[in-house]
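What follows is each chain in one-letter form.
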Amino acid sequence: MDITLNNRKETIEADQLTLNELIQYKNFTFKLLVTKINGKLVRIPDRDKAVVKDGDKVEVMHLISGG
Amino acid sequence: MQTKTIRVKLKGKKVGIAGCGGLGSNAAVSLARVGVKSFVLVDFDVVDESNLNRQYFFRHQIGLLKTDALKSNMLLIDPTLQIEVFAEKLSEETMLTHFASCDLIIEAFDQAEAKQQLLESFLSVNTGQYLIMGNGMAGFGGFEKLRQEQWDDRVYICGDFESEISAEMPPLGPRVAIVANMQANLALELLLKND
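Residues numbered from 1 in each chain as written. Chains lettered and ligands numbered in written order. Predicted model: local features only at pLDDT ≥ 70, side-chain atom pairs only at ≥ 80, totals over all residues. Heavy atoms only, no water.

A few points about the interface of chain B and chain A
Inclusion rule: Note on contacts: a residue pair qualifies if any of its non-hydrogen atoms lie within 4.5 Å across the two residues. What gets called buried area is simply the loss in accessible area from a 1.4 Å probe that two parts show on being joined, summed for both. Just to be clear on terms, a salt bridge is a Lys or Arg side-chain nitrogen sitting within 4 Å of an Asp or Glu carboxyl oxygen.
With 28 residues of chain B in contact, the opposing surface of chain A contributes 20 residues. Across the interface of chain B and chain A, roughly 2000 Å² is buried in total on both sides, 55% from carbon and sulfur atoms. The tally of links from chain B across to chain A stands at two salt bridges. Residue B:Asp152 is joined to A:Lys36 by a salt bridge in which the shortest nitrogen-to-oxygen separation is 2.8 Å.

Describing the packing of helix H1 (residues 3-11) of chain B against helix H6 (residues 173-193) of chain B
For any two helices packed against each other, one specifies the crossing angle of their axes together with the interaxial distance. Residues and elements named next belong to chain B. Defined as follows: Note on definitions: angles span 0 to 180 degrees between N-to-C directions of axes, and those axes are lines fitted to C-alpha atoms, for helices only across the stretch in contact. For helices the rule is a DSSP run of H or I covering at least 4 residues; for strands it is a run of E covering at least 2, with both sets numbered from the N terminus onward. Should an angle fall under 35 degrees it is called roughly parallel, over 145 degrees roughly antiparallel, and 65 to 115 degrees roughly perpendicular, with every other angle called oblique.
Two elements in contact, H1 and H6, have axes separated by 9 Å at closest approach and are oriented at 80 degrees. Our classification of the angle between H1 and H6 gives roughly perpendicular. Between H1 and H6, the contacting residues are Ile6, Lys9 and Leu10 on the first element and Leu188, Leu191 and Leu192 on the second.

A look at the packing of aromatic side chains
All names here are of chain B. Threshold: Two aromatic rings from Phe, Tyr or Trp, using only the six-membered ring of Trp, form a pair when their centres are within 6.5 Å; if the ring planes differ by under 30 degrees the pair is stacked, by over 60 it is edge-to-face, and anything between is tilted. Between buried and exposed lies partly exposed: a residue is buried under 20% and exposed over 50% of the maximum accessible area for its type, with that area taken using a 1.4 Å probe on protein chains only.
As enumerated under the stated definition, the model contains two aromatic pairs over all chains in all. Seen from their ring centres, Tyr56 and Phe58 are 5.9 Å apart, and the 85 degrees between their planes marks the pair as edge-to-face. Note on Tyr56: relative accessible area 25%, which makes it partly exposed. Among the residues examined, Phe58 registers a relative accessible area of 40% and is labelled partly exposed.

Structural notes on the environment of B:Leu31
Residue and element names in this part refer to chain B. One can find Leu31 in helix H2 (residues 22-34). Residues Leu31 and Leu10 lie 21 residues apart in sequence; the distance between their C-alpha atoms is 9.4 Å. Excluding its chain neighbours within four sequence positions, the residues that come into contact with Leu31 are Val15, Val36, Phe39, Ile106, Ala184, Ala187 and Leu188.

A word on the sheet that holds strand S1 (residues 14-18) of chain B
Backbone hydrogen bonds are what pair the strands of a sheet, in a parallel or an antiparallel way. All names here are of chain B. To be explicit about the condition: Note on pairing: two strands pair once DSSP finds at least 2 bridges between them.
With mixed pairing, the seven strands of this open sheet are ordered in space as S3-S2-S1-S4-S5-S7-S6. On the outer flanks of this sheet lie strand S3 (82-86) and strand S6 (147-152), each paired with one strand and no other. Adjacent strand axes in the sheet meet at a mean angle of 20 degrees when their direction is disregarded. As judged from the four bridges shared by strand S5 (residues 130-134) and strand S7 (residues 155-159), these two strands associate in the parallel manner. Of the residues in S7, the one forming a bridge with Met133 is Ile157. Sitting on the sheet, helix H5 (residues 112-124) is in contact with S1, strand S4 (104-107), S5, S6 and S7, with an inclination near 160 degrees to S5. Against the sheet, H6 contacts S1, S4, S5, S6 and S7, and its axis sits at roughly 165 degrees relative to S5.

Quick word on the nonpolar core
The tendency in soluble globular proteins is for nonpolar side chains to be buried side by side. Residues and elements named next belong to chain B. Condition: Here, nonpolar core means buried Ala, Val, Leu, Ile, Met, Phe, Trp, Tyr and Cys residues that are tied together by side-chain atoms lying within 4.5 Å of each other.
Formed by 40 residues in total, the largest nonpolar core has its most connected members in Val15, Leu31, Phe39, Met74 and Leu104. At the level of secondary structure, the elements contributing two or more residues to this core comprise S1, H2, strand S2 (38-42), helix H3 (66-77), S4, S5, S7 and H6. With eleven residues, H6 is the largest single contributor of residues to this core. Among all residues touching Met74, those that are not within four sequence positions of it are Ala28, Val29, Ala32, Phe39, Leu41, Leu81 and Ile83. Residues Leu96, Cys102, Ala112 and Leu131 belong to the second largest nonpolar core, which totals 24 residues.

Structure (structure tokens):
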């Protein structure tokens, strides 16, 4: 499937993935991520159910301590 | 826009400061200087000597609650400010309610967990407010890596999005104050645009 991940086009070798599977696939290892699919917030407990499909726009932001 | 017009427009605005450390104290002071009159300050911590390398406090304030110390310092700049303080750790319930009357919230927490909680709470309700977060500002140099991004209709992020605080990468006055003032500068832009 072709998706847009953090404003960059990417081809993922799967028809669809849950958001958690995508995070693993991309090796995002940071502990605190905030995620959106097509502009809609996906909270942490919902990442196992939320499905990413062809054409979706996914945003993953890593939150960093310090302030 | 002339200084006088800016002051008139800002007079009716209220800004929430979520965390009065390096980002929060510096952003609040900048906004007080230019004419924001009402603030809500939230922080549970007290001023420590190690904070003086970047936070808007002074040596004689060590041991005071950051909310009280920051309030005093802001009132020295403008004695007519209206400042509400909450010296407590925000919970999921109070995360947004303490800021309910604010036009804009500056997220200035230290811990990534708290940043995430505030962002997720904020996004789950439509309050009509703006949220400006700080994300990644440890160390020195790397000015070209700093940026601001709009993350949602009313959510903006300022920082380098990568430099995590560690023993080798401490938070230091210049870079923390740059990001704090990126937040304050963007706050001004949004508050003045929206009038």
